[in-house]
Amino acid sequence: MPSRDEIFEKVQSTLVDALGLDEDEVTATSRLKADLGAESIDFLDIVFRLEKNFGIKIPRNELFPESLFTADSGFAENGRVTAKGLDELRTRLPHADKDTLDALAKDPRVENVEDLFTVNMVVNFLASKLAA
Amino acid sequence: MRWFWIDRFTEFKSGSHATAIKNVTLSEDHLHDHMPGFPVMPASLMLEGMAQTGGILLGEQKQFAHIVILAKVPRMTFHSWACPGDTLVYTAKLIEARDEGGMVEVQAHVGQRLVAEGEIVFAHVDEAAGGGGKIDQKNFVFSMLRGVLDVGKAGDGSAE
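J.: What should I look at first to understand the overall build of chain A in this one?
T.: Across its full length, chain A holds 5 helices and 2 strands. Along chain A, helices and strands appear, N-terminal first, in the series α-α-β-β-α-α-α. Scaling as 2.2 N^0.38, a compact globule of 132 residues should have a C-alpha radius of gyration of about 14 Å, and chain A matches this with 15 Å. Taken along the three principal axes of its C-alpha coordinates, chain A extends 40 × 30 × 25 Å. Within chain A, the proportion of its 132 residues that are buried is 30%. When contacts within chain A are restricted to residue pairs at least 6 apart in sequence, long-range pairs at least 24 apart make up 56% of them.

Now the structure itself:
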C-alpha cells in the first residue's frame, strides 16, 4: 500500500502527462480546471492514465460524477447549487476537501463546484481505493 | 476527394493492435500546394490516418456499437516526413477501451524511418447526441473499405 506522498507523486506525473504541464505547476491544492486548465475531455484521459498507473479500475462517475453537471438534475437553479445539489455533492464526493464543501455551502454558485476538483481530491480518492 | 487516409489494413488483432498503410501519390491534389516544388504529406493528414487506424481498432472491439470520435491528441511528435512514392505504415496499439471512449498509442513509419509517434484519445458518442444526419461507422468500414478487416481472419492477426 503506497504512502500518501507516493500516491501524490504518481498523480502529479499522471497530470503532467495528461495536461502537458511541468511538474512544478501541479501542487496538492491545484484545482484541475481553474489552475491546471483541464477540460471535460481531459477528465477522460486522466481516468485512463490513473487506471493504468495504479493498476485499478475506476468505474464511470466514481471520480468525476457526471450527474452533477447535467442541466435537468435539479441540483442547480439559476446558477446556484440547490440544497439537493449540496447533498448530492457530499454523497458523491466523499474524497473532496471538507472546508471547500463548507465554503461552497455558504456561497453556492455553480462556478464554485469546479473548485472541489483538486489534486488532493484525486489523491484522497486513490488512497481510499487502494486501501480497500 | 474522399476522406480515406488509410488504404488498407495489413494487420488487425481485435482488441490489441493494428497496422494500416497509406500510399502517398503525386496525383493527390493537396501535395501540389504543400509545398509548391516540394510535395510532402501534411502532418495533419498523417494524424488523421493514424486516428483512422486507431479509431477503427477501438470501434471494432465493440462491434461498432458506439460512434468513435477523435477527442484529444495528448502527445504527437513528427520526426520526419513522407514524400510521393513512400508507403506510410501506421501502427496503433490499443491502450484503453471503455464505454466512454478509449486511447491508442500510434506510430508512423516509412520503411525503417520513424516519421511520427504519439497518443490519441477517442470519445464515444451516442447517435441521439449527434443531431442531424445519422452516422454509420460500421457501414463506413465494411462497405467502403471492403474486406479491410478480413486480414485478421488468420486468427493470429497476421496477413494471410
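There is more to say, and it comes next.
J.: Help me out: how do you make sense of the sheet that holds strand S5 (residues 101-110) of chain B in this one?
T.: What links the strands of a sheet is backbone hydrogen bonding, and the strands pair in either a parallel or an antiparallel sense. If you trace the 6 strands from one edge of the open sheet to the other, you get S1-S2-S4-S5-S6-S3 (chain B), paired in antiparallel fashion. Of all strands in the sheet, those with a lone pairing partner are strand S1 (8-13) and strand S3 (67-78) of chain B, marking the two edges. Averaged over neighbouring strand pairs, the angle between their axes works out to 20 degrees when direction is ignored. By the bridge criterion, 7 bridges tie strand S2 (residues 17-23) of chain B to strand S4 (residues 87-97) of chain B in an arrangement that is antiparallel. Residue pairing across strands places Lys 22 of chain B opposite Leu 88 of chain B, the latter belonging to S4 of chain B. The strands that helix H2 (residues 40-54) of chain A touches are S3, S4, S5 and strand S6 (113-125) of chain B; relative to S6 of chain B, the one it contacts most, it runs at about 110 degrees.

J.: Teacher, can you tell me more about the interface of chain B and chain A here?
T.: It is common to report an interface's size as the accessible area lost on association of the parts. Counting from both sides, the interface comprises 10 residues of chain B and, opposite them, 7 residues of chain A. At 3 residues, S3 of chain B tops the list of elements feeding residues into the side of chain B that touches chain A. Across the side of chain B that touches chain A, the residue classes tally to 5 nonpolar, 1 polar and 4 charged.

J.: Explanation requested: the confidence of the model for chain A in the structure shown.
T.: A low pLDDT score tells you not to read the predicted coordinates there in detail. Looking at chain A, pLDDT values average 87 and 95% of them are 70 or higher. Looking at the elements of chain A, mean pLDDT is at its lowest for strand S1 (residues 76-77) of chain A, recorded as 78, and at its highest for helix H1 (residues 4-19) of chain A, recorded as 93.

J.: What am I meant to see in the packing of H1 of chain A against H2 of chain A here?
T.: When two helices pack together, their arrangement is given by the angle between the helix axes and the distance between those axes. Residues and elements named next belong to chain A. Running from N to C, H1 and H2 cross one another at 135 degrees; their axes reach a closest spacing of 9 Å. On the basis of their axis angle, the class for H1 and H2 is oblique. When the axes of H1 and H2 are compared, the crossing they make is right-handed. Counting all contacts with H1, which are made through Lys 10, Thr 14, Leu 15, Asp 17, Ala 18 and Leu 19, the residues of H2 involved are Asp 42, Asp 45, Ile 46, Arg 49, Leu 50, Asn 53 and Phe 54. Residue composition of the contact of H1 with H2, grouped by class: 6 nonpolar, 2 polar and 5 charged.

J.: What am I meant to see in the domain arrangement of chain A here?
T.: Residue and element names in this part refer to chain A. According to the domain assignment, chain A contains domain 1 (1-63 + 118-132) and domain 2 (65-116). Placing a centre on the C-alpha atoms of domain 1 and another on those of domain 2 gives a separation of 20 Å. Counting residues at the interface gives 10 residues for domain 1 and 9 residues for domain 2. The class makeup of the residues in the side of domain 1 that touches domain 2 is 3 nonpolar, 5 polar and 2 charged.

J.: Got a minute to help me understand the pairing of S1 of chain B in this structure?
T.: It is a general feature of regular strands that their side chains alternate between the two faces of the sheet. Residues and elements named next belong to chain B. Relative to S2, S1 is paired through 5 bridges, and the arrangement is antiparallel. Note that in S2 the partner of Phe 12 across the bridge is Ala 18. Following S1, the chain reverses through 3 residues before pairing antiparallel with S2; Gly 15 in that reversal takes a positive phi of roughly 80 degrees.

Definitions and limits used
- Residues numbered from 1 in each chain as written.
- Chains lettered and ligands numbered in written order.
- Predicted model: local features only at pLDDT ≥ 70, side-chain atom pairs only at ≥ 80, totals over all residues.
- Helix = DSSP H or I, 4+ residues; strand = E, 2+ residues; numbered from the N terminus.
- Rg over C-alpha atoms; globule rule 2.2 N^0.38 Å.
- Buried ≥ 20, exposed ≤ 12 C-beta atoms within 10 Å, placed from the backbone.
- Contact = placed C-beta atoms within 7 Å.
- Pairing = 2+ DSSP bridges.
- Axes fitted to C-alpha atoms, helices over the stretch in contact; angles between N-to-C directions.
- Nonpolar A, V, L, I, M, F, W, Y, C, P; charged D, E, K, R; others polar.
- pLDDT = per-residue confidence, 0-100.
- Parallel < 35°, antiparallel > 145°, perpendicular 65-115°, else oblique.
- Left-handed = near helix turned anticlockwise from the far one by under 90°.
- Domains from an automatic or database assignment.

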